[in-house]
Amino acid sequence: MKNFNRVWIGMFLLATVLCIFGQGLAYFLSEYFIPTAPVFYLTGSTIIGILLYLVSGFLLFLLFKKQDSVSHYRDLFLLVFFIVAPGASIWSIFVTAMWWG
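If you're wondering where the values come from, they're calculated on a predicted model, not measured in any experiment.

Conventions we followed
Residues numbered from 1 in each chain as written. Predicted model: local features only at pLDDT ≥ 70, side-chain atom pairs only at ≥ 80, totals over all residues. Heavy atoms only, no water. Core = buried A, V, L, I, M, F, W, Y, C linked by side-chain atoms within 4.5 Å. Buried < 20%, exposed > 50% of the residue type's maximum accessible area, 1.4 Å probe, protein only. Helix = DSSP H or I, 4+ residues; strand = E, 2+ residues; numbered from the N terminus. Phe/Tyr/Trp six-rings, centres within 6.5 Å; stacked < 30°, edge-to-face > 60°. Polar contact = N/O pair within 3.5 Å; in protein donor to acceptor, adjacent residues only side chain to side chain. Contact = heavy atoms within 4.5 Å. Axes fitted to C-alpha atoms, helices over the stretch in contact; angles between N-to-C directions. Parallel < 35°, antiparallel > 145°, perpendicular 65-115°, else oblique. Left-handed = near helix turned anticlockwise from the far one by under 90°. Nonpolar A, V, L, I, M, F, W, Y, C, P; charged D, E, K, R; others polar.

## Some remarks on the nonpolar core
Within the largest apolar cluster, 14 residues are counted, with the highest numbers of intra-cluster contacts made by Trp8, Phe12, Leu52, Tyr53, Leu60 and Phe81. Residue assignment for this core shows that the elements contributing at least two residues are helix H1 (2-20), helix H3 (38-65) and helix H4 (74-100). Top element by residues in this core is H1. It accounts for six residues.

## A few points about the packing of aromatic side chains
Across all of its chains, the model carries nine aromatic pairs by this definition. Judged by centre distance (5.6 Å) and plane angle (65°), the rings of Phe12 and Tyr53 are edge-to-face. With a gap of 41 residues between them, Phe12 in helix H1 and Tyr53 in helix H3 connect regions that are remote in the sequence. Of the residues examined, Phe12 reaches a relative accessible area of 7% and is grouped as buried. Exposure remark for Tyr53: the relative accessible area of 3% places this residue in the buried category.

## A closer look at the side chain of Thr43
Position of Thr43 relative to the elements: it lies in helix H3. Among the polar contacts made by the side chain of Thr43, one reaches the side chain of Trp100 at a distance of 2.8 Å.

## Points about the environment of Ile93
Counting through the fold element by element, Ile93 comes out in helix H4. Taking the relative accessible area as the measure of exposure, Ile93 reaches 46% and is therefore partly exposed. Between the C-alpha atoms of Ile93 and Cys19, which are 74 residues apart in sequence, the distance is 8.4 Å. Sequence-distant contacts of Ile93, defined by excluding residues within four places in its chain, comprise Thr46 and Ile50.

## Focus: the packing of H3 against H4
For the pair H3 and H4, interaxial distance at closest approach is 10 Å and the crossing angle is 160°. When the axes of H3 and H4 are compared, the pair comes out roughly antiparallel. Considering only the axes of H3 and H4, their crossing is left-handed. Tallied by class, residues from the contact of H3 with H4 come to 19 nonpolar, seven polar and two charged.

Function cannot be inferred from these measures alone, as they are strictly geometric.
Have a look at this one:
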């Protein structure tokens with residue numbers, strides 16, 4: 001169960017960082033990695049972040065479906081997921097839409 005908590009928290013934090021700080025990450029990658037338009041990096045980070053949110057939501061669903069394994073933090077995970085994920089995803093989609101014009 002500890003391993004599940006670590007994987008879920010890591011995936012959730014990575015998705016949050018990609019969605020919220022995608023603009024700065026896009027500028028950094030464009031300048032130091034492969035010089036291309038930062039909008040492509042931003043689009044990629046938005047898609048990856050939203051996919052990570054979907055996978056972490058699916059893992060949370062599996063945790064609730066398994067009644068034999070009781071996690072003390074599953075209600076907290078659910079609360080944090082439904083507060084942070086929609087806001088970060090909408091913000092990331094908004095920023096990406098503004099960049100594409």
